[in-house]
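# A closer look at the structure
Now for the letters of each chain:
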Protein chains: 2
Amino acid sequence: MSAQANSYFATYEVKVVIVEDYKLTRVGLRYALNQIENINVVAEAESAEEGIEIIKKEHPDVVLMDLGLPNMNGLEATIKIKEVSPDTQVVILTSHDREEEVLASLGSGATAYCLKDIDPKALSDVIKCAAKGACWIDPTVAKLALKLFPKPENAEFLSKGANPDPKGHLTEREQEVLRLLVQGRSNTEIAKELIVSVHTAKAHVCSILQKLCVDDRVQAAVKAIKEGLVKA
Amino acid sequence: MSAQANSYFATYEVKVVIVEDYKLTRVGLRYALNQIENINVVAEAESAEEGIEIIKKEHPDVVLMDLGLPNMNGLEATIKIKEVSPDTQVVILTSHDREEEVLASLGSGATAYCLKDIDPKALSDVIKCAAKGACWIDPTVAKLALKLFPKPENAEFLSKGANPDPKGHLTEREQEVLRLLVQGRSNTEIAKELIVSVHTAKAHVCSILQKLCVDDRVQAAVKAIKEGLVKA
DNA sequence: GTTAAATTTACCCTTTCGGGTAATGCCCGA
DNA sequence: TCGGGCATTACCCGAAAGGGTAAATTTAAC
């Protein structure tokens, strides 16, 4: 895939492969997309297996992927595609708007998620920016995906200036302990890791629990992840 | 904000407010964007505080937000904006590509994240689709955001057909227990919740630990979240 | 140089956890 | 009809967790 700085929408010829089981949709897509400048649909597949074979050979810039395929579905296919052709960008094109499918798609390696009511011109734009690796999520499901990002109430860089940590926040040592706690370490293990006594580790954990307003270390770990207190 | 079905890029007049402390960038942006059809920059602000006041009154469709502002920064401003004007979409426009800032921005309520090397035409397209609520993330940082989505190895809908759960997966009851476990409930509490004895709850937790190949409930909770085994 | 906060250690105690083993009843598929 | 998987209950036991309180030490700030 060629690269071109400072352009978010690909301006070179984008190689596209369509994976879609309904022939009518498939040929319609191909026709519509080939009308667009700089988009070149080089192949179609009516099953995930066939699509993967094609992609192995063609290494297209973008794959238009349907979710509801027979046998192997679009998610498994997406995972497979990112294995055999990591630089190929997968654009999900589906009529499903269920949260699980949106999240699972993006988790499987797709870079864009479109609903089928998209108009061809917009789809072509999405394909062009997906070719550059941009992430694009349909308006009707964007909220579902975005709410997965933790609200950074405690992010230290929120206010970068002279902000003396408005109390209630974890000390460096406590953050260190929290990190280990999230890994599932016991107090004993934490103590060994930090080369302190178990008493110390316990003391830190206790103050962490208090500061996070939780009752036990499980809740602390969950809260830490959800609020992004520890780097994943 | 008016709505128009089947169009991903807004085709109506999009009201835009720019929040950016550098005057040069600000006026440059305004000039460039006002060249674009259907985009109308109605106001500029050079600080977050000023921007919020303007947005309270104007309720624009889109806010172009710089991250590095004096005093209150762009993240805090974004949170505030989504409070006072929930339908206003925030587009982050920054030169920072640090992972924390990307994630924190999206977690704060922004719907799009652009780097400043974007060309004006592309930016206008992003603004137009952001106005409809779409999520757009710059190619250079999209990977950072996308890797946050859990890979759905265990998602039951991966193969929807006659797939008899290839063993090693949690039973319904165990998933129920796992859900409570993630909430930080003790075995006793889980037992009460499910109206069973503590022994039963313990048995379920034990088999969960074994099936997830972890040593304790903290690791189980973390794994459950990271792999999307429990609905957030 | 005094104060404040963070880090460290220690003791007490009760509750919970996790492992192991095993028995019972239930339902479904072979 | 006979398993096999699942849910349920039960027991024992050692280890760990969590709460409370207290104090010594370092570090940082003022």
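Everything in this summary refers to the structure shown in the same document.

Parameters at a glance
Residues numbered from 1 in each chain as written. Chains lettered and ligands numbered in written order. Predicted model: local features only at pLDDT ≥ 70, side-chain atom pairs only at ≥ 80, totals over all residues. Heavy atoms only, no water. Pairing = 2+ DSSP bridges. Helix = DSSP H or I, 4+ residues; strand = E, 2+ residues; numbered from the N terminus. Axes fitted to C-alpha atoms, helices over the stretch in contact; angles between N-to-C directions. Contact = heavy atoms within 4.5 Å. Polar contact = N/O pair within 3.5 Å; in protein donor to acceptor, adjacent residues only side chain to side chain. Parallel < 35°, antiparallel > 145°, perpendicular 65-115°, else oblique. Nonpolar A, V, L, I, M, F, W, Y, C, P; charged D, E, K, R; others polar. Buried area = accessible area lost by both parts, 1.4 Å probe. Salt bridge = Lys/Arg side-chain N within 4 Å of Asp/Glu carboxyl O. Buried < 20%, exposed > 50% of the residue type's maximum accessible area, 1.4 Å probe, protein only.

## Focus: the sheet that holds strand β2 (residues 39-45) of chain B
Taking strand neighbours across the sheet as the criterion, the 12 strands line up as β2(A)-β1(A)-β3(A)-β4(A)-β5(A)-β6(A)-β6(B)-β5(B)-β4(B)-β3(B)-β1(B)-β2(B) in an open arrangement whose pairing is mixed. Each having just a single partner strand, β2 (39-45) of chain A together with β2 of chain B make up the two edges of the open sheet. Geometrically, the sheet is characterised by an average inter-axis angle of 20° between neighbouring strands, direction not taken into account. Sheet strands in contact with helix α6 (residues 139-146) of chain B are β6 (135-137) of chain A together with β5 (112-115) and β6 (135-137) of chain B, and its direction is about 115° off that of β6 of chain B.

## Some remarks on the side chain of Glu101 of chain B
Looking at where Glu101 of chain B falls in the secondary structure, it is placed in helix α4 (residues 99-108). A distance of 2.9 Å separates polar atoms of two side chains, one belonging to Glu101 of chain B and the other to His96 of chain B.

## As for the packing of helix α1 (residues 23-34) of chain A against helix α5 (residues 120-131) of chain A
All names here are of chain A. At a minimum axis distance of 10 Å, the contact between α1 and α5 shows a crossing angle of 75°. When the axis of α1 is compared with that of α5, the two are roughly perpendicular. Every residue of α5 that contacts α1 at Leu29, Ala32 and Leu33 is listed here: Pro120, Leu123, Ser124 and Ile127. Here the residues of the contact of α1 with α5 sort into six nonpolar, one polar and no charged.

## Examining the interface of chain B and chain A
By a widely used convention, the size of an interface equals the accessible area lost when the partners come together. Taken together, the contacts link 61 residues of chain B with 60 residues of chain A. Summing both sides of the interface, chain B and chain A together bury roughly 5000 Å²; the carbon and sulfur share of this comes to 66%. If you look at where chain B meets chain A, you find zero salt bridges. Where the side of chain B that touches chain A is concerned, the elements lending two or more residues are α3 (74-84), α4, α5 (120-131), β6, α6, α7 (172-182) and α10 (217-226) of chain B. One ladder, built from three bridges, connects β6 of chain A with β6 of chain B; its direction is antiparallel. Directly across from Trp136 of chain A, in β6 of chain B, lies its bridge partner Trp136 of chain B.

## Some details on the pairing of strand β4 (residues 89-94) of chain B
Successive residues of a regular strand alternate their side chains across the two faces of the sheet. Residues and elements named next belong to chain B. Where burial is concerned, most of β4 is hidden: six out of the six residues are buried. Of the two faces of β4, both are covered, the one formed by Gln89, Val91 and Leu93 as well as the one formed by Val90, Ile92 and Thr94. As defined by bridge partners, strand β3 (residues 62-65) adjoins β4 across four bridges and the pair is classed as parallel. Of the residues in β4, the one forming a bridge with Val62 is Gln89. By the bridge criterion, four bridges tie β4 to β5 in an arrangement that is parallel. Each residue of the ladder has a partner; that of Val91, found in β5, is Ala112.

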